[in-house]
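Here are the chains, one letter per residue:
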Amino acid sequence: MATSGNHKKTVLVTGANGQLGRELRDLSANFAAYDFLFTSNEELPIEEKSSVDLFFDKHLIHYCINCAAYTAVDKAETEEAKAFLINRDGPGFLADACRKHHVKFIHISTDYVYDEGIRRPLKEDDALAPLSVYGLSKLKGEEAALQTDPSALVIRTSWVYAAYGNNFVKTMLRLFKEKESLNVINDQVGCPTYAADLAAIILKFVGAMESGKKYEGIVNYCNDGITTWYDFAVAIKEFVDSPCIVRPIPTSQYPTPAKRPKYSVLDTSKIKSTLAPDIPFWKDSLHKCLVLLSKQG
Ligand SMILES: NC(=O)c1ccc[n+]([C@@H]2O[C@H](COP(=O)([O-])OP(=O)(O)OC[C@H]3O[C@@H](n4cnc5c(N)ncnc54)[C@H](OP(=O)(O)O)[C@@H]3O)[C@@H](O)[C@H]2O)c1
């Protein structure tokens, strides 16, 4: 039986070496009221039920934030079994342990679960029709989490980037240095999300739950505003004042193994009316991240 020597609540963050996990790690320094347990893929492989159960038996946990995922969207098309193990079974095992141990489970999902045929901002209860193995595995993970633990909270987010890890922003910065010109897709519309903003929202949820508020089911979160990958790239180029020429191209000129939605704008009115009335505009958050990256050199 797990025990705790103090009265602080413990927050487990799985997949803690990823973009979101690293941002939560940074933010945790400002949350001294909680003890945090950050686990890597090696320390807590979420697709191993016995490891998950053992971990929850050993540690007294109050909140579990699952940032662990198989996120290689294109590779998932040929690694279906692995994607489903991590993205479907993993959240199911965590949800099961959370339910048994009375732990509040917060799971992260994606805009790629929605039906791309809807051409207006996507609401939590809109039709779902993932286009890719990754999207379907994440949808099955949401279902596994909520069916196993109906009190779980699933946060759907989109186009995540951070100063950490691999992402569009860092790829663009590298390519601006290496290339004289670059083609970027201009017919996929969505909302970027700075992982630091998402991390802050997740910890705001924890704080609100701690004060007795109840949040469960599905909620969307992304930064405010709408853009395309092309406009996103141009905003990055302008910030670093790169001479690289950025040209808009249609998706048909940049085929990828996994299909991406053409329209993937999340409606965030639910979270705005309940927890986060003021969501930062995507360009403001992008600038924050770019300032941080420029300081890192
Ligand atoms: N990135 C996006 O654009 C995006 C968009 C929408 C939603 N999301 C969702 O947001 C969440 C956070 O994404 P992110 O961008 O922070 O992802 P990330 O940077 O790829 O981080 C995922 C982390 O999960 C770890 N991991 C992989 N398999 C694992 C396993 N079996 N057990 C435990 N840990 C494992 C990875 O470790 P290794 O590096 O060692 O493999 C990595 O540290 C995910 O649920 C993702 O699906 C992301």
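Overview of the structure. (Residues numbered from 1 in each chain as written. Predicted model: local features only at pLDDT ≥ 70, side-chain atom pairs only at ≥ 80, totals over all residues. Heavy atoms only, no water.)

1. What to know about the site of the ligand
The condition is simple: Here a residue is near a molecule or strand as soon as one of its heavy atoms is found within 4 Å of it. Two N or O atoms count as a polar contact when they lie within 3.5 Å, although within protein this holds only if one can serve as hydrogen donor and the other as acceptor, and sequence-adjacent residues are included solely when both atoms are side-chain atoms. For the area figures, the Shrake-Rupley method with a 1.4 Å probe applies, and any residue is considered shielded solely by the protein chains shown. Think of it this way: any DSSP run of H or I at least four residues long counts as a helix, any run of E at least two long counts as a strand, and we number them from the N terminus. In the scheme used here, Gly and all other residues not listed as nonpolar or charged are polar, with Ala, Val, Leu, Ile, Met, Phe, Trp, Tyr, Cys and Pro taken as nonpolar and Asp, Glu, Lys and Arg as charged.
Around the ligand, 24 residues are found, and the nearest of them are Gln19, Glu47, Thr71, Tyr134 and Lys138. One of the side-chain nitrogen or oxygen atoms of Gln19 is found 2.9 Å away from an oxygen atom of the ligand. The fraction of the free accessible surface of the ligand (900 Å²) that becomes covered by protein chains is 80%. Among the elements of the structure, helix H1 (19-28), strand E4 (104-110) and helix H4 (133-148) are those that each provide at least two residues to the shell around the ligand. It is E4 that contributes the most residues to the shell around the ligand, three residues altogether. For the shell around the ligand, the class distribution of residues is 12 nonpolar, 10 polar and two charged.

2. Brief notes about the sheet that holds strand E13 (residues 263-264)
We count it as follows: By definition, two strands form a pair when at least two bridges between them are found by DSSP.
With mixed pairing, the three strands of this open sheet are ordered in space as E11-E8-E13. Edge positions in the sheet fall to strand E11 (227-228) and E13, since each of these pairs with one other strand and no more.

3. Concerning the packing of helix H5 (residues 168-178) against helix H7 (residues 229-240)
What counts, and what does not: Helix axes are fitted only over the stretch in contact, all axes being lines through C-alpha atoms; the angle between N-to-C directions runs from 0 to 180 degrees. Any angle that is under 35 degrees is reported as roughly parallel, and any over 145 degrees as roughly antiparallel; angles of 65 to 115 degrees are reported as roughly perpendicular and all others as oblique. When the near helix sits turned anticlockwise from the far one by under a right angle, the crossing is termed left-handed; a clockwise turn instead gives a right-handed crossing. Contacts are residue-level and defined by heavy atoms, with any inter-residue pair within 4.5 Å sufficient.
H7 packs onto H5 with a crossing angle of 60 degrees between their chain directions and a minimal axis gap of 10 Å. Classed by the angle they form, the pair H5 and H7 counts as oblique. Where H5 crosses over H7, the handedness of that crossing is right-handed. Each of Phe168, Val169, Met172, Leu173 and Phe176 in H5 lies in contact with H7, whose residues at this interface are Trp229, Phe232, Ala233, Ile236, Lys237 and Val240. Its residues assigned to classes, the contact of H5 with H7 shows 10 nonpolar, no polar and one charged.

4. A few points about the environment of Thr256
Heads up, the condition is: Partly exposed describes any residue whose relative accessible area lies between the buried limit of under 20% and the exposed limit of over 50%, with all areas from a 1.4 Å probe on protein chains only and scaled to the type maximum.
As for its position among the elements, Thr256 is in the loop between strand E12 (245-249) and E13. When its relative accessible area of 30% is taken as the criterion, Thr256 is described as partly exposed. Considered as a pair, Thr256 and Met172 are 84 residues apart in the sequence and their alpha carbons are 18 Å apart. For Thr256, the side chain forms a polar contact with the main-chain oxygen of Ala258, separated by 2.8 Å.

5. Details of the state of the cysteines
Working definition: the covalent bond between the sulfur atoms of two cysteines is a disulfide. What counts here: By definition, disulfides here are pairs of cysteine sulfur atoms that lie within 2.5 Å.
Summed over all chains, the structure comprises zero disulfides. Free cysteine: Cys191, not disulfide-bonded; nearest cysteine sulfur from Cys222 at 3.5 Å. Accessibility expressed as a relative area gives 2% for Cys191, which makes it buried. In this model Cys289 remains outside any disulfide bridge; the closest cysteine sulfur is found in Cys222, 16 Å from its own. Since its relative accessible area comes to 0%, Cys289 is described here as buried.

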